[in-house]
Amino acid sequence: MRCTVLAAPFAILLIASGCKGAPPSSAPTQAIASCAGAPDIALQGRVTDAADILPDAAEGRLSDRLAQYEGRTGHQMVVVTASSLNGLDVAAVGDCLGNRWGIGDKDRNDGVLILVAPNERRARISTGTGLETMLTDEEAKAAIDLMTPHFRSNDFAGGLSVAVDAIAAQTGDSR
């Protein structure tokens, strides 16, 4: 999974969070070695709210939206919140989780991972190389910028929802 931009500093943000389940570990040894110190977050599904910032109903709506996206495009997108980045860069953690969990189709490398670390005020959108022409660094940054006003008002679910919709529109799901 190639990290597409976005260790966007959230100086003004308060911050915030598809898969069917974790596939068998097929990540290369090299990718796993680069994960030293990364948070040990278990994939819970399309939405993994390890920072516990999403109400259950909002988490369910996001998960349903991500399932619809996957059904319509064949691309897999997940949202994860982390209570801590363990002192690591948000990009490194995003790459690590995407690779560890095997987000996206193995052959197409077309996964998208949205990571939000509210305590560090950081977010990242990591994409597989199979989507980098559809979701450029600039477009991923624009999706993060859409989250900012929502996060400022502590509306993490709203921020994540607009980001998911923006990414979906860029990658073939106009809804």
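Presented here is a report on the structure given in the accompanying data block. (Residues numbered from 1 in each chain as written. Predicted model: local features only at pLDDT ≥ 70, side-chain atom pairs only at ≥ 80, totals over all residues. Heavy atoms only, no water.)

Looking at soluble globular proteins, one finds that nonpolar side chains tend to be buried together. Within the largest apolar cluster, 29 residues are counted, with the highest numbers of intra-cluster contacts made by Leu54, Met77, Ile114, Ile125, Leu160 and Ile167. Put simply, the parts of the chain that give this core at least two residues each are helix 2 (56-73), strand 4 (77-81), strand 5 (112-117), strand 6 (122-127), helix 4 (137-152) and helix 5 (156-170). In terms of residue count, the dominant contributor to this core is helix 5 (seven residues). The residues touching Ile167, leaving out its near neighbours within four places in the chain, are Met77, Val112, Ile114, Ile125, Leu135 and Ala143. Counting residues in each nonpolar core, the second largest holds 14 residues, with Ile41, Leu43, Val80 and Trp101 among its members. (Core = buried A, V, L, I, M, F, W, Y, C linked by side-chain atoms within 4.5 Å. Buried < 20%, exposed > 50% of the residue type's maximum accessible area, 1.4 Å probe, protein only. Helix = DSSP H or I, 4+ residues; strand = E, 2+ residues; numbered from the N terminus. Contact = heavy atoms within 4.5 Å.)

This paragraph deals with the packing of helix 2 against helix 5. Contact geometry of helix 2 with helix 5 gives a least axis separation of 10 Å together with a crossing angle of 5 degrees. One element, helix 2, and the other, helix 5, form an angle in the roughly parallel class. Taken together, the residues of helix 5 that come into contact with helix 2 (itself represented by Ala58, Leu62, Arg65, Leu66 and Tyr69) are Ala157, Leu160, Ser161, Val164, Asp165 and Ala168. Its residues assigned to classes, the contact of helix 2 with helix 5 comprises eight nonpolar, one polar and two charged. (Axes fitted to C-alpha atoms, helices over the stretch in contact; angles between N-to-C directions. Parallel < 35°, antiparallel > 145°, perpendicular 65-115°, else oblique. Nonpolar A, V, L, I, M, F, W, Y, C, P; charged D, E, K, R; others polar.)

Moving on to the pattern of salt bridges. Summed over all chains, the structure comprises six salt bridges. A salt bridge links Asp145 to Lys141; the nearest nitrogen and oxygen atoms lie 3.0 Å apart. Note that Asp145 and Lys141 are positioned in helix 4 at a spacing of four residues, about one turn of the helix. Under the relative-accessibility criterion, Asp145 is labelled partly exposed at 38%. Residue classification places Lys141 among the partly exposed residues on the basis of a relative accessible area of 39%. Ionic contacts of the salt-bridge type, sharing partners, join the residues Arg65, Arg72, Asp165 and Asp173 into one network. (Salt bridge = Lys/Arg side-chain N within 4 Å of Asp/Glu carboxyl O.)

Right, let's get into helix 3 (residues 90-101). End to end, helix 3 covers 16 Å across twelve residues, agreeing with the expected 16 Å (1.5 Å per residue, within 8%). Along helix 3, the residues classified as buried are Val90, Ala91, Val93, Gly94, Cys96, Leu97, Gly98 and Trp101. N-capping of helix 3 is provided by Asp89, with a side-chain oxygen placed 2.9 Å from the backbone N of Ala91. In the stretch just after helix 3, Gly102 is the one whose phi turns positive, near 70 degrees. (Expected span 1.5 Å × (residues − 1). Polar contact = N/O pair within 3.5 Å; in protein donor to acceptor, adjacent residues only side chain to side chain.)

Treat this as a map of the structure, not an account of what it does.
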